[in-house]
Amino acid sequence: MEHVGLVLSGATAAYADGTVTEPRAGDLFYIPPTPHDSWVVGSEPYVSLHFLGADHYARGEPASKTAKPCDVAPAARGATAGP
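Residues numbered from 1 in each chain as written. Predicted model: local features only at pLDDT ≥ 70, side-chain atom pairs only at ≥ 80, totals over all residues. Heavy atoms only, no water.

Chemist: I keep staring at the sheet that holds strand β1 (residues 3-9) and nothing clicks. Help me out?
Modeler: Remark on secondary structure: sheet strands pair via backbone hydrogen bonds, oriented parallel or antiparallel. Strand order in the open sheet made by the three strands is β4-β1-β6, with antiparallel pairing throughout. Only two strands of the sheet have a single partner each, and these edge strands are β4 (28-31) and β6 (47-52). If you compare each strand with its neighbour and ignore which way they point, the axes differ by 30° on average. Bridge analysis of β1 against β4 gives four bridges, and the strand direction is antiparallel. Looking at the pairing, G5 lines up with F29 of β4. (Pairing = 2+ DSSP bridges. Helix = DSSP H or I, 4+ residues; strand = E, 2+ residues; numbered from the N terminus. Axes fitted to C-alpha atoms, helices over the stretch in contact; angles between N-to-C directions.)

Right, dumping it as structure tokens:
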């Protein structure tokens, strides 16, 4: 599933399509709907608002038929307004 959001605090690294991006506080981000992973960078808690993609977290649905909920943004789970 794709994600569009705004980082409120902290930083995260997102890996998708062979590229690592590191959105930080104040950054808008887009993560494509390809298989991806993310993790927190540093010791500050990562908090973000998701404008697209959070509805799947709230319902506990996997991003695809092969992904499990724990495969989707494990570092951000419980740290954002959605997951």
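Continuing now.
Chemist: Help me out: how do you make sense of the pattern of salt bridges in this one?
Modeler: In a structure, side chains of opposite charge can pair up when their charged atoms sit close to one another. All chains considered together, the criterion is met by one salt bridge. The partner of R24 in a salt bridge is E22, with the nearest N and O atoms 2.8 Å apart. Given a relative accessible area of 40%, R24 falls into the partly exposed group. (Salt bridge = Lys/Arg side-chain N within 4 Å of Asp/Glu carboxyl O. Buried < 20%, exposed > 50% of the residue type's maximum accessible area, 1.4 Å probe, protein only.)

Coordinates in, geometry out; function isn't part of it.
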